[in-house]
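Observations on the three-dimensional arrangement
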Amino acid sequence: MHYCPQTENCPLTFNPFKACVAPRPIGWISTISKEGICNLAPFSQFQNLSYDPPMVMIAINQGGDEPDNVYRKDTVKNIETTGCFVYNAVTFDLKDSMNLTACGYPPEIDEFEIAGLHKAESLRVAAPRVAESPIQFECEYLQTIRIPGTIAGGKGTTDLIIGKVVEIHVADTAILPTGKLDYESLRLLSRAGYWDYGVLDKTFSMKVPGVSDTRMAAMEGRKP
């Protein structure tokens, strides 16, 4: 099976594009509006960009299903207005809370309250953290790259948000004696395709042969 997405209809019942790029980390993003209302929403088009300095990106499609009712999402507006956001890791235990925050609530609704979650004050940014999440990145907003879509009405248009990580929080219970993350206990949630998710609880190591210790240390995140 193959097809050109620009000129041909997908021959499968379900478009495989997102399903083929899997697993994807879930960016559970908390923000605050200029009026002081908190927002929390998950995005599966999320990734780290660099480690020097540490940066992350979120790709956020516009909301609305009708051509005359397409809008930029509250997360985008809040980030651009206040200049900050927080990435909160989603564990298996938090999956139902995360799913509740995926609903399209109006901007005056606080998703923390909808999902029964607690706020933890950030150290360097105005947006709160999800207290129940074992990993959080406080981020300063750097820029938006607006990528136009081809769907009529602008539904496919994407706001690519780039942020610099200025504070990293990791729960002590999520750290092994070796200083590495305990993936088996964390059970981080990931997005596949369709309505499918996965859990990261099994890992294995493979070192690249012939790589210098200096380069290996940079890839592994340790001091050489």
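Up top is the structure these notes are about.
These remarks concern the structure in this document. (Residues numbered from 1 in each chain as written. Predicted model: local features only at pLDDT ≥ 70, side-chain atom pairs only at ≥ 80, totals over all residues. Heavy atoms only, no water.)

Helix and strand counts for the chain come out as six helices and 12 strands. Expected size for 224 residues packed as a compact globule is a radius of gyration near 17 Å; at 19 Å, the chain falls within 12% of this value. Burial status across the chain gives 36% buried among its 224 residues. Of the roughly 13600 Å² of accessible surface on the chain, a fraction of 54% belongs to carbon and sulfur atoms. Charge centroids of the chain, computed over 21 positive and 27 negative side chains, lie 6 Å from each other. (Helix = DSSP H or I, 4+ residues; strand = E, 2+ residues; numbered from the N terminus. Rg over C-alpha atoms; globule rule 2.2 N^0.38 Å. Buried < 20%, exposed > 50% of the residue type's maximum accessible area, 1.4 Å probe, protein only. Areas by Shrake-Rupley, 256 points an atom, 1.4 Å probe, with all protein chains shown as cover. Lys, Arg positive; Asp, Glu negative; His and termini not counted. Charge placed at Lys NZ, Arg CZ, Asp CG, Glu CD.)

Moving on, we get to the sheet that holds strand β1 (residues 24–25). Spatially, β1-β11-β12 is the arrangement adopted by the three strands of the open sheet, whose pairing is antiparallel. Edge positions in the sheet fall to β1 and β12 (197–200), since each has one partner strand and no second. Taken together, the two bridges between β1 and strand β11 (residues 188–191) define a ladder with antiparallel strand orientation. By the bridge assignment for β11, Pro25 is matched with Ser190. (Pairing = 2+ DSSP bridges.)

This part covers the packing of aromatic side chains. The final tally for this structure, using the stated rule, is three aromatic pairs. On the basis of an interplanar angle of 70 degrees and a centroid distance of 5.7 Å, the ring pair of Phe14 and Tyr194 is categorised as edge-to-face. With a gap of 180 residues between them, Phe14 in the segment before α1 (17–20) and Tyr194 in the loop between β11 and β12 connect regions that are remote in the sequence. Phe14 sits in the exposed class, given a relative accessible area of 55%. Judged by relative accessible area, Tyr194 falls into the partly exposed class, the value being 42%. Ring geometry for Phe46 against Tyr87: centres 4.7 Å apart, planes inclined by 15 degrees, an arrangement best described as stacked. Here the residue Phe46 occupies a position in strand β4 (residues 46–51), and Tyr87 occupies one in strand β6 (residues 84–88), the gap between them amounting to 41 residues. Its relative accessible area of 7% is what places Phe46 among the buried residues. For Tyr87, a relative accessible area of 11% translates into the label buried. (Phe/Tyr/Trp six-rings, centres within 6.5 Å; stacked < 30°, edge-to-face > 60°.)

The next point concerns the sheet that holds β4. In space, the seven strands of this open sheet follow the order β3-β2-β6-β9-β10-β5-β4, with antiparallel pairing throughout. Since the sheet does not close on itself, it has two edges, and those belong to β3 (38–43) and β4, each with one partner. Going from strand to strand, the sheet's axes swing by 30 degrees on average, the running direction of each strand aside. Here six bridges tie strand β2 (residues 27–32) to β3, and the two strands are oriented antiparallel to one another. Across the sheet, residue Ile29 finds its bridge partner in β3, namely Ala41. Lying over the sheet, helix α2 (residues 74–82) contacts β2, β3, β5 (54–61), β6, β9 (135–147) and β10 (158–170), oriented at roughly 55 degrees with respect to β2. (Axes fitted to C-alpha atoms, helices over the stretch in contact; angles between N-to-C directions. Contact = heavy atoms within 4.5 Å.)

A large share of β2 lies buried, amounting to six of its six residues. Along β2, one buried face is formed by Gly27, Ile29 and Thr31 and the opposite face, lined by Trp28, Ser30 and Ile32, is buried too. Between the end of β2 and the start of β3, which pair antiparallel, lie five residues, with Gly36 showing a positive phi angle near 90 degrees. Of the pairings in the sheet, the one linking β2 to β6 comprises three bridges and is antiparallel in character. For Ile29, the partnering residue across the bridge sits in β6 and is Tyr87.

Take the pattern of salt bridges next. Here the structure, examined in full by the defined rule, presents 10 salt bridges. A salt bridge links Arg146 to Asp159; its shortest N-O distance comes to 2.8 Å. Taken together, the residues Arg146 in strand β9 and Asp159 in strand β10 connect sequence positions 13 residues apart. Judged by its relative accessible area of 1%, Asp159 falls in the buried class. (Salt bridge = Lys/Arg side-chain N within 4 Å of Asp/Glu carboxyl O.)

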